Structures are given as structure tokens and as C-alpha cells.
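Chain and residue survey
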Amino acid sequence: MRGLDYRWIEALDAVISQRGFERAAEHLCITQSAVSQRIKQLEKLMAQPMLVREQPPRPTSAGQKLLGLYRRVRLLEQELLPEITPDDSSQPLSVSLATNADSLATWLLPALSPLLKSRRIELNLLVEDEARTLDKLRSGEVVGAISMDATPMPGCVADYLGRVDFLCVASPDFAEKYFAGGVTRDSLLAAPGVAFDQHDDMHELFVQQHFNLPLGSVMKHTVRSSEAFVRIAMEGIAYCLIPRVQIQDELASGELINVTPEIFLTRRMYWHHWALESGVLTELSQRLTQHARKVLPQ
């Protein structure tokens, strides 16, 4: 954009990351007045607010998009101008990604581990339901997102990662208590299940599609942790839809059993990222997609 000064966006980024104007000024080694002036210049150029001035400050929707642009530029600078950021003195590079909890609990960290060990990267993972991770890329909060949406945004690429099969599992004691006569409409109305958050409709859709139960008719706990899903099932608290790849050992040992062996739910996952990438982002995308395709069914 003509007239855009990246020092203005740097000031915006500092105010958000440092959670205030005073600490942003210290971080940038300028006065607090200069920080405020830079952000005002940015808002004047864009003709709209970039910052919600509350405590702590947060970016507006437009501010989030500019921050996404700024962070991508920083990644490119590190790759194209290494002489200005020598490895022994450079600040860690902040890379924000959006992921669903199941990927984080299974294959994502092993995929990124070699890169995180070899490069000075400050990883920021935003965990959302896989149906909403793409919103974080759209808003500019992240540079890449794991999503079940196959359609890329303009300027982005959606690389296929693999298939995730969700099994309906429970502990043997739970299955004996609630499903001794099989998994039926009546037994599902009595048995508690689990959802990730208030937006997670996977459990409800599963029982609606396969057992003709209306939405909102089943009891379910709400737990924002994929690892806790496994623990809840093993403790006999509820039955859960859990990725097969996450519970292979528990199924083999008999600690968990598949209570609907003829029925499972499949979701295909994609890595969404900007089409024009270089350096760290290119390496990150390659490692992520290659590892996912090794561990996830295709």
C-alpha cells in the first residue's frame, strides 16, 4: 500500500504483544508519545481504528489483518536479509498457527519439533475447533491453519494432510453399564457424552445421523482438551468420539473399546497457508504436510 510505514505496524504489534503503550515504548526504545503517534498515523492512513483502547489493548479486525501482513514480512526479512538478524543476537521469530486440539494432541508437535529445535522460533498455537481455525487465518492472527475446509482463501493454498477417523469409544465398565444391550436411541439418551466447546456439534451430529436423535436431546460434558477426552473415557465418565490415531494403545490393551464398530466419523484435514511463502514458512509447511501424510490415513 502506498504510504504505508512498517514502523507504524511495528508499534501496533508492540502494543498488542507487550499489553500496553508504556511497555511497548520500552520494547521499541522510543517514547510512549512516539508509539501513540505512530499508531495514530496508521489509523489516519487506513481511515479506521487499528486498536481497541482497553486494558489490555486488542487489535480491531483491520488491525489484525495488518498484523498478519507485518508478521509475514518479518519472516521474509529473516530469510532474505540474514545479515541484519545474525543468529547469535536475533530476537526469536514469532510464528502463530491455528490448530484443532486433536492435531495438537497427536501429530503436530512431532512434525514441528525439528524446526523448533534448529531455528529461533517463538511458536504461538491458537487452539480452536477445526471448523473455526480458518477464521484465524482470515483475520490475520495466524500465518497458517489446520482445517477441515478444503476450499482455500484468496491468495492461499490448502494442502491435503490426510483423513482422521473418529471412533465412538468407552471404558468396558461404562459400556457394560449403559450399552449392555447395544448402542441404541434409548441408551444414548441415558449415557453422557463429551463436546469440545459450545460450538462443537460433532457429537450431536453423530447421534442425529446414525440414531435419529434430535439436536440438543443428549447429555454431554464440555471439555476443551483432546487429552482430557481420553482420560474421561478411560475413567468411565462418558463415551467419546476420539481419533483412532490417538487411542491405538488403549484400544489394543482393552482399556477402551469401540462401542459402534460398524459406525465411525471421518474428517479430511487440510493445511491452509499463504501461496507466496519463503524461508521459515516454506520449511514449516513442508515438514507439517510431510509428517501428517506419514501418520494419517490418506
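Right above here is the structure, for reference.
Let me begin by describing the structure that accompanies this report. (Residues numbered from 1 in each chain as written. Predicted model: local features only at pLDDT ≥ 70, side-chain atom pairs only at ≥ 80, totals over all residues. Heavy atoms only, no water.)

**Brief notes about unusual backbone geometry**
What counts, and what does not: For helices the rule is a DSSP run of H or I covering at least 4 residues; for strands it is a run of E covering at least 2, with both sets numbered from the N terminus onward. Only protein chains enter the accessibility calculation, which uses a 1.4 Å probe; a residue whose area is less than 20% of its type maximum is buried, one above 50% is exposed, and one in between is partly exposed.
Along the chain, Gln 55 connects to Pro 56 via a cis peptide bond; the corresponding omega equals -5°. Along the chain, Pro 56 turns up in the loop between strand S1 (51-52) and strand S2 (58-59). Non-glycine residue Cys 29 carries a positive phi angle of around 60°. With respect to the helices and strands, Cys 29 occurs in the loop between helix H2 (21-28) and helix H3 (32-46). For Cys 29, a relative accessible area of 70% corresponds to the exposed category. In this structure, Asn 212 is a non-glycine residue whose phi angle is positive, near 55°. Note that Asn 212 resides in the loop between helix H10 (202-211) and strand S8 (220-222). Take Asn 212: its relative accessible area is 60%, and that puts it in the exposed class.

**Observations concerning the packing of aromatic side chains**
What counts here: Between 30 and 60 degrees the pair is tilted, below 30 it is stacked and above 60 it is edge-to-face, where a pair is any two Phe, Tyr or Trp rings, Trp via its six-membered ring, whose centres lie within 6.5 Å.
A complete count under the given rule lists six aromatic pairs for this structure. On the numbers, 4.5 Å between centres and 35° between planes, the contact of Phe 174 with Tyr 178 is tilted. Placement of the pair is Phe 174 and Tyr 178 together in helix H8 (residues 172-178), with a separation of four residues, close to one helical turn. Seen from their ring centres, Phe 174 and Phe 179 are 5.9 Å apart, and the 65° between their planes marks the pair as edge-to-face.

**Observations concerning the nonpolar core**
Quick note on the threshold: The set of buried Ala, Val, Leu, Ile, Met, Phe, Trp, Tyr and Cys residues whose side-chain atoms join them within 4.5 Å is what this entry labels a nonpolar core. Whether two residues are in contact is decided by their heavy atoms: any pair within 4.5 Å suffices.
The biggest cluster of nonpolar side chains holds 41 residues, and the ones touching the most others in it are Trp 107, Leu 161 and Tyr 239. Counting only elements with at least two residues in this core, the list comes to strand S3 (93-99), helix H6 (108-118), strand S6 (156-170), H8, H10, strand S11 (265-274) and helix H13 (280-295). Other than its neighbours up to four places away in sequence, Trp 107 contacts Ile 146, Leu 161, Leu 288, His 291, Ala 292, Val 295 and Leu 296. Counting 22 residues, the second largest nonpolar core, distinct from the first, contains Leu 4, Leu 12, Ala 24 and Leu 51.

**Notes on helix H1 (residues 6-18)**
Filter applied, for reference: A helix is expected to span 1.5 Å for every residue after the first.
For H1, with 13 residues, the first-to-last C-alpha span of 18 Å sits near the 18 Å given by 1.5 Å per residue. Residues of H1 that are buried: Trp 8, Ile 9, Ala 11, Leu 12, Asp 13, Ala 14, Val 15, Ile 16 and Gln 18. Residue Arg 19 follows H1 closely and has a positive phi angle near 65°.

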